[in-house]
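So you can see what is in the structure, the chains are spelled out below.
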Number of protein chains: 2
Amino acid sequence: MQKYIYQIKDFPLDNDSLLLHETLFHNANGYLGARSNFEEGYPEGYHSIQGQYINGFYDFSTMPQAEKLYGLFEEKQTMLNAVDTQGIELRIDGERFSMFEGKVLERIRTLDMQNGVTIREVLWESPGGKRVLVKVRRMASFNILPLFLVEYTVTALNFSGEAELISSHIGEVMNYFNPDDPRVAGEADKYLLPERDILEGSNSFMLMHTSKSNLRMCSAVRNTLDKATKEKQIKQKGFHTEQILTVECRQGESITLYKETVLCDSVRYSDPVKAAQETLDRIKKTGFTALYQKQRDYLDKFWNECDMEVYGDPELNIAVRYNLYQLMQSVGKDRYSNIAAKGLSGEGYEGHYFWDTEMYMQPFFTLTAREVSKNLIRYRYTILEYAKENARIMGHNKGALYPWRTIMGRECSGYYVSGSAAYHINGDVAYAVISYYLAAGDLELMQECGAEILIETARLWMDTGNYYKGRFHIHEVTGPDEYTCLVNNNYYTNAVAKYNLRWAAKIIDLLAADGMADEVVQKLQITQEELDTFKAAAEAMYLPYDQELGINPQDDSFLEKKIWDVNTIPEDKKPLLLHYHPMHLYRHQICKQADTVMAHFILEDEQDLETMRRSFEYYERVTTHDSSLSPCIFSIMASKLGKSEAAYAYFGESAKLDLFNTHKNTRDGIHTANMGGTYMAIVYGFGGLRIKADGLYLMPALPDQWEGYQFRIRYRDAGIRVSIRPEHCELELLEGDDAVVHVYGKAYELKTEKIIIRRGEQR
Amino acid sequence: MQKYIYQIKDFPLDNDSLLLHETLFHNANGYLGARSNFEEGYPEGYHSIQGQYINGFYDFSTMPQAEKLYGLFEEKQTMLNAVDTQGIELRIDGERFSMFEGKVLERIRTLDMQNGVTIREVLWESPGGKRVLVKVRRMASFNILPLFLVEYTVTALNFSGEAELISSHIGEVMNYFNPDDPRVAGEADKYLLPERDILEGSNSFMLMHTSKSNLRMCSAVRNTLDKATKEKQIKQKGFHTEQILTVECRQGESITLYKETVLCDSVRYSDPVKAAQETLDRIKKTGFTALYQKQRDYLDKFWNECDMEVYGDPELNIAVRYNLYQLMQSVGKDRYSNIAAKGLSGEGYEGHYFWDTEMYMQPFFTLTAREVSKNLIRYRYTILEYAKENARIMGHNKGALYPWRTIMGRECSGYYVSGSAAYHINGDVAYAVISYYLAAGDLELMQECGAEILIETARLWMDTGNYYKGRFHIHEVTGPDEYTCLVNNNYYTNAVAKYNLRWAAKIIDLLAADGMADEVVQKLQITQEELDTFKAAAEAMYLPYDQELGINPQDDSFLEKKIWDVNTIPEDKKPLLLHYHPMHLYRHQICKQADTVMAHFILEDEQDLETMRRSFEYYERVTTHDSSLSPCIFSIMASKLGKSEAAYAYFGESAKLDLFNTHKNTRDGIHTANMGGTYMAIVYGFGGLRIKADGLYLMPALPDQWEGYQFRIRYRDAGIRVSIRPEHCELELLEGDDAVVHVYGKAYELKTEKIIIRRGEQR
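What you see is a predicted model; the values in this text were computed from it and never measured.

## Brief notes about the overall build of chain A
And then number 1: Within chain A one finds 18 helices and 31 strands.
And then number 2: In terms of C-alpha radius of gyration, chain A reaches 27 Å, essentially the compact-globule figure of 27 Å for 763 residues.
And then number 3: Referenced to the eigenvectors of the C-alpha coordinate spread, the extents of chain A come out at roughly 85 × 60 × 60 Å.
And then number 4: Within chain A, the fraction of its 763 residues that count as buried is 55%.
And then number 5: Counted over contacts in chain A with a minimum sequence separation of 6, partners at least 24 positions apart contribute 67%.

Right under this line is the structure:
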């Protein structure tokens, strides 16, 4: 069981560590999230990023442009800090519990990823000498998504006396801001305005509405004590309610307060107050014990489907599992939400969704939790109309252009040069839809929404590109690498557009073959002529290749620029984006992250292995990895190219990023895309997994540092376990249909019997 | 004398016309300017852009970036509305004079460009039947630059009575703003703060300081009546002073109020109050009659040096002279100021200086008013340190990069893509220095400052560009055409950089030959090696050429983009920049203005005539002329290519732009660059004038529509008049040394005797 436990004893109490741990131990379920703030608060001089969030619940905020040009966005969406219901003040015979007063004799923080809870245990001696054990267990329920539960237990160790618990519900909260840090908001804006404040018995409800986006949200708090109270009092002042519970506390005995928070927003519920009331009823009916059990069941199923392990490296395993667990905590479970760049753990990037989802996180869900992956596709379908609107703003007469960053569907990028210009997001969304189809073989979802996404994105490419000397060109776009912007024929973009165009036509053919195409063909007025133009453009797509170097240039002019050798960058100039004007970066051969190398990973059949090898080596010299999205991709490609040491080193950078706070900004939230990248680096990288139209491929490699590793995936109807050892590779069908698996280029039919394949012939 | 008079009788009184005429009849002298607001004010419902400006007097204002990236500017300078001293209210026996009450029986507005005054004459009948003639003569003195004089004369025509004149001095004013118009400020900012308010007798002084730029400005007002007053009263309230003068007014007699405004700022005067006092004393000593005479003398000299005429087309002549006069009104006469895009006539472009000066206006001064041209170069030298600072911000280790738009030297561009990225401004400044040197042969100024400018700008090119396959490339810059940005090897930029590099080396050689180089060589630590790198880069400069089309592509990828035929643009989509996202524009072959065509004009020896012809025809198809800087250049090149009809048509667009308000925004200020362009279209265009290292060249052509034309220029020490008639071209040496002039390719020695050359062999 220890394998799902991340624990810190004697956790440090300096402000930086506290902020970091607020993120690392946050509770979330994809719908709501709460940072791990101390219930009892902090003394003066400390500051905490107090936050509780709802995925996809936002307000509009202004973003004035220095010069107003047509189509530049001046309004964005921002995820809201929704409420503060974490406060529980404890007084023992009048002495207030605090981590910073009296004596903290023991303290432990635990993340239990099997039971889906975090626990803080503190053995405390008051200034007056009274010893208590405070144990706080917190859970964001995966079964009842609006529920965030805090179970607060106090045990009197060396005295009998009176305990007072003051549980607060604060409706008027602000988003975090820091005028000194350009990465978070610089001003305090009031987004959530009070509307109604209701007390039903001791249940407190607050209905708030947003200042501009016309959304509402009801927060409800219920406090339940497992002992009879001596005194009960409710104080209300504005949208700040306190319930004060006084209770006898005998030596050796415990008292437990269950504080339930229920958050219902109008994005999902037509009547948020009613929904909150019904949810409280439902929780009551279920009971806490059953709720914990359901949480455990949910996670048992989760781990059963996705578990992976590196044999003999417990520390690395915790890091990897931590990342997978956070992905599940972060991912939206409905069509209104997606995965924010920081999940629900903080306000960095304002809760926006990027291409990170499709290219870094969705693969995990596609291979292990298909229903989640379907919802991610449905989310993109939900915002398709906004993507069409966005395309019109950008000057296109047809097609849809997905916004670079968004919550509800409108573009939130204030700097279009490396925002809206990243047209590749269209190809990324399409790629994820296709990947899902290839893994699941699910034509129904294609009929429901996938085909429409593929067609509208393909149309955008047709309207963007143009033929020049017989080849299809795409001009003035920005590829994944944000250190080179507004370029012509970015290799990644063109390659993914080609794939998008080809599959848009193909999916209609596949649907038609099963008699499922009529609806979409009619709705979108698709003609054979149009599909032929897609195919022709895909066929004619220009993919830059440099004869002299034998590599794919990142774009038409990349190789003509000055080379900036990453080995010459002094430490105090990193990351470059904080020290150089964008134009200066754009003028050099310098990459923030994998771009062409990434295209080689996701579309490996577009060029031969030697081109990929030379390209990898070329770009490695000029890539700073200033983006957390970079090392995992280099790891995967290093694996493919047999660069075992490099693959291992890049993987390490990815796996431990948040847990070891290597980017120094985990306080603002976890790096969800990198977490997905860790998974990819194992499965696609070391495991060499690829799913193509003609089947499942594996090319497992084993880093020298490891004794072996295993992972599980779902392919079509088969649940498959892959285990790699120094001498062999083992395939096991855990459930479902038989499957054909290609390992080291040879096809194996996987049935009930395990298949053991001797390693060695990788290349 | 009529030839210098622009007059409108029965001028319209609708608000749009009034705003337009506020601009057209403004008074300025290069140091100060005043819009032509009615002294008596306007009734409710009308709005006027009340404005008095000082060239180069600014405050800083904020310009937040939607996304904060390194080096993006968040502060700009803005020219201030400095004071309001225009107010003169007139009451005749208690009836208040207004253009909008009573009866306006006659009204005339006059701009007298020979006497340097504007005049408004109004024959008015009060509601009570009293007739007066109000004549307002206004002058911004060219001799005493801080002086703006309003001479206000009232003649009683059919009555005797009492006239009351209320003359105001308002220190607390705001810049113009209009939240509905993106071209002017959207908010009211308070830039000028009151400091001291002094009354000396009836002279009112107000000392103000700026909110951020640490500048001060004193405005002084003195009212002098030519008749004894019956009563005199001064009212003061805050920084608002009113002097109320009551005077007897007999039938048939006139009374005149001389209202002097003196503005002294701390940019030029260490003690602005003292300077204002001294200036008032000096004016008193001089007397008004002498002041008017000096104004006339100044303008006689001006016209004598620059006058041009199109024979037999008085309307066009007025338009052309209007433009030349406005250039003289707009140009700064010291090293602290330059020529704002709207001169001193309005707040459009916030009083910023652009490349417009060097490429569109300075040629006029270089050829006719050399001292002014010298000051324009000295201004660029004054801000050279800021240009170096700017280069560092942009990532360059050496050299200077002139800001795209500025007042005091720091960049004011909020959108660097078509602002700071327009590196060609460096080449433009260098080009103007070289042009001045070629015309004047003045090595002293090169020693004083010209060489330093050439060297520092050249260094910037060396740091920006790089060698690729043996050619010198310049990446990620924006050429003159703002519909294509951040490109590689913009032809214009590379050509002008080549010229800049070559001349930087050459000027040092020239100075050295006269023993004048030591100081600059030492100060800038110039080595022969460095000069050799300049020469080598110039030699190796890559100038794109398309073999297939036989033209110079605007940049490396221009010809690969989709062609956007200007004939297909619907009227309601013009100008494109107001209807399309920048990226959409950048993705097409579409030009806002002359770019390569302009390079062909200014550096015609870089390619053969046929390449220029084909290029002209190619770019003409894709140029919208959405910039007022475009038609004049197309006119010049059309002349060169013998496209007489096109040359004439483009010239017409340029000459009448403001006077006929063809761009519909002259209310915000005149288009000074276009005014310079009109001059250029005649002299460089029809006249075919070029000054090169080896001499003066003329290639005069005559549009069919004209009987002939003449212009005057100064070349080295010779004042030359050029007159073109259908049959011949006449050269006359007006003053100075003999000169060699090449006409139609043949050299003539111009001495005291006129030279008459038969036309016909142009090409």
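## Remarks on the interface of chain B and chain A
And then number 1: Contacts between the two partners involve 40 residues from chain B, matched on the other side by 40 residues from chain A.
And then number 2: Sort the elements by how many residues they give to the side of chain B that touches chain A and helix α13 (residues 582–586) of chain B lands first, with four residues.

## Remarks on the sheet that holds strand β13 (residues 192–200) of chain B
Residue and element names in this part refer to chain B.
And then number 1: Taken together, the nine strands give an open sheet; going across it, the order is β1-β8-β9-β10-β11-β18-β15-β14-β13, and neighbouring strands pair in antiparallel fashion. Each edge of the open sheet carries a strand with a single partner, namely β1 (5–9) and β13. Sheet twist, expressed as the average angle between the axes of neighbouring strands with direction ignored, equals 15°.
And then number 2: Across the sheet, helix α2 (residues 272–286) is in contact with β11 (147–156), β14 (203–210), β15 (216–225) and β18 (254–265); its angle to β18 comes to roughly 145°.

## Let's talk about unusual backbone geometry
Residue and element names in this part refer to chain A.
And then number 1: A cis geometry characterises the amide bond from K574 onward to P575, with omega recorded as -10°.
And then number 2: In this fold, P575 is placed in the loop between β22 (562–563) and α13 (582–586).
And then number 3: Phi at Y744 takes a positive value of approximately 50°, unusual for a residue other than glycine.
And then number 4: Mapped onto the fold, Y744 is located in the loop between β29 (739–743) and β30 (746–750).

## A few points about the nonpolar core
And then number 1: Membership of the largest hydrophobic core comes to 453 residues, with the highest contact counts inside it found for A:L32, A:V433, A:L454, B:L32, B:V433 and B:L454.
And then number 2: Not counting residues up to four positions away in its chain, the partners in contact with A:V433 are A:I377, A:G450, A:I453 and A:L454.

## Here's the deal with the relation of the copies chain B and chain A
And then number 1: You can overlay chain B on chain A at an RMSD of 0.0 Å; the transform is a turn of 180° with a shift of 0.0 Å along its axis. Both copies are brought into coincidence by an operation consistent with a two-fold rotation axis. Among all C-alpha atoms of chain B, that of B:Q65 lies closest to the rotation axis, at 2.8 Å.
And then number 2: Both copies share a contact surface, since 100% of the interface residues of chain B are interface residues in chain A too.

## Brief notes about the sheet that holds strand β16 (residues 231–237) of chain B
All names here are of chain B.
And then number 1: Spatial ordering of the open sheet is given by β7-β6-β12-β17-β16, a layout of five strands whose pairing is antiparallel. If you trace the sheet from one side to the other, it starts and ends with β7 (95–96) and β16, each paired once.
And then number 2: Taken together, the five bridges between strand β6 (residues 88–92) and strand β12 (residues 161–170) define a ladder with antiparallel strand orientation. Paired with R91 across the two strands is E164, which belongs to β12.

## Here's the deal with the confidence of the model for chain A
And then number 1: Here chain A averages 96 in pLDDT, while 98% of its residues score no lower than 70.
And then number 2: Overall fold confidence for the complex sits at a pTM of 0.95, while the interface term, ipTM, reaches 0.94.

## As for helix α9 (residues 443–464) of chain A
And then number 1: Remark: the principal bend of α9(A), roughly 60°, maps to A:C449.
And then number 2: The buried fraction of α9(A) amounts to 16 of the 22 residues, a majority that puts the element mostly inside the structure.

## Let's talk about the packing of helix α16 (residues 631–640) of chain A against helix α17 (residues 644–655) of chain A
Residue and element names in this part refer to chain A.
And then number 1: Close contact between α16 and α17 brings their axes to 8 Å; oriented N to C, the two are set at 155°. Compared by their axis directions, α16 and α17 come out roughly antiparallel. The handedness of the crossing between α16 and α17 comes out as left-handed. Here α16 contributes P631, C632, F634, S635, A638 and S639 to the contact with α17, which in turn contributes A646, A647, Y650, F651, E653 and S654.
And then number 2: Within the contact of α16 with α17, the residues separate by chemical class into eight nonpolar, three polar and one charged.

## Thoughts on helix α2 (residues 272–286) of chain A
Residue and element names in this part refer to chain A.
And then number 1: Counted at 1.5 Å a residue, the expected span for α2 with its 15 residues is 21 Å, and the 21 Å between its end C-alpha atoms agrees.
And then number 2: Those residues of α2 that sit buried are P272, A275, A276, T279, L280 and I283. Down the axis of α2, the sector holding all buried residues measures 140°, keeping them to one side. Along α2, the residues that are exposed and aim more than 90 degrees away from the buried face are K274, D281, K284 and K285.
And then number 3: Positive phi shows up at G287, right after α2, with a value of about 85°.

## What about the pairing of strand β15 (residues 216–225) of chain A?
All names here are of chain A.
And then number 1: Burial runs high along β15: eight of the 10 residues are buried.
And then number 2: Both β15 and strand β18 (residues 254–265) contribute to a ladder of nine bridges, which runs antiparallel. Note that in β18 the partner of C218 across the bridge is C264.

## Some remarks on the environment of A:W355
All names here are of chain A.
And then number 1: Checked against the element boundaries, W355 lands in the loop between α4 (314–330) and α5 (356–368).
And then number 2: In this structure the C-alpha to C-alpha distance between W355 and I234, which are 121 residues apart in sequence, comes to 47 Å.
And then number 3: When near neighbours in sequence (up to four residues on either side) are disregarded, W355 contacts I425 and D428.

## Notes on the packing of helix α5 (residues 356–368) of chain B against helix α18 (residues 672–686) of chain B
Residues and elements named next belong to chain B.
And then number 1: Here α5 crosses α18 at 55°, and the two axes come no closer than 8 Å. With respect to each other, α5 and α18 are oriented oblique. In the crossing of α5 with α18, the sense of the turn from one axis to the other is left-handed. Across the interface between the two elements, D356, Y360, M361, P363, F364 and L367 from α5 touch T672, A673, G676, G677, Y679, M680 and V683 from α18.

Conventions and cut-offs
Residues numbered from 1 in each chain as written. Chains lettered and ligands numbered in written order. Predicted model: local features only at pLDDT ≥ 70, side-chain atom pairs only at ≥ 80, totals over all residues. Helix = DSSP H or I, 4+ residues; strand = E, 2+ residues; numbered from the N terminus. Rg over C-alpha atoms; globule rule 2.2 N^0.38 Å. Buried ≥ 20, exposed ≤ 12 C-beta atoms within 10 Å, placed from the backbone. Contact = placed C-beta atoms within 7 Å. Pairing = 2+ DSSP bridges. Axes fitted to C-alpha atoms, helices over the stretch in contact; angles between N-to-C directions. Core = buried A, V, L, I, M, F, W, Y, C linked by C-beta atoms within 7 Å. Least-squares fit on C-alpha atoms with pLDDT ≥ 70 in both. pLDDT = per-residue confidence, 0-100. Bend = angle between axes of the 7 residues up to and from the residue. Parallel < 35°, antiparallel > 145°, perpendicular 65-115°, else oblique. Left-handed = near helix turned anticlockwise from the far one by under 90°. Nonpolar A, V, L, I, M, F, W, Y, C, P; charged D, E, K, R; others polar. Expected span 1.5 Å × (residues − 1). Arc of directions from axis to C-beta.

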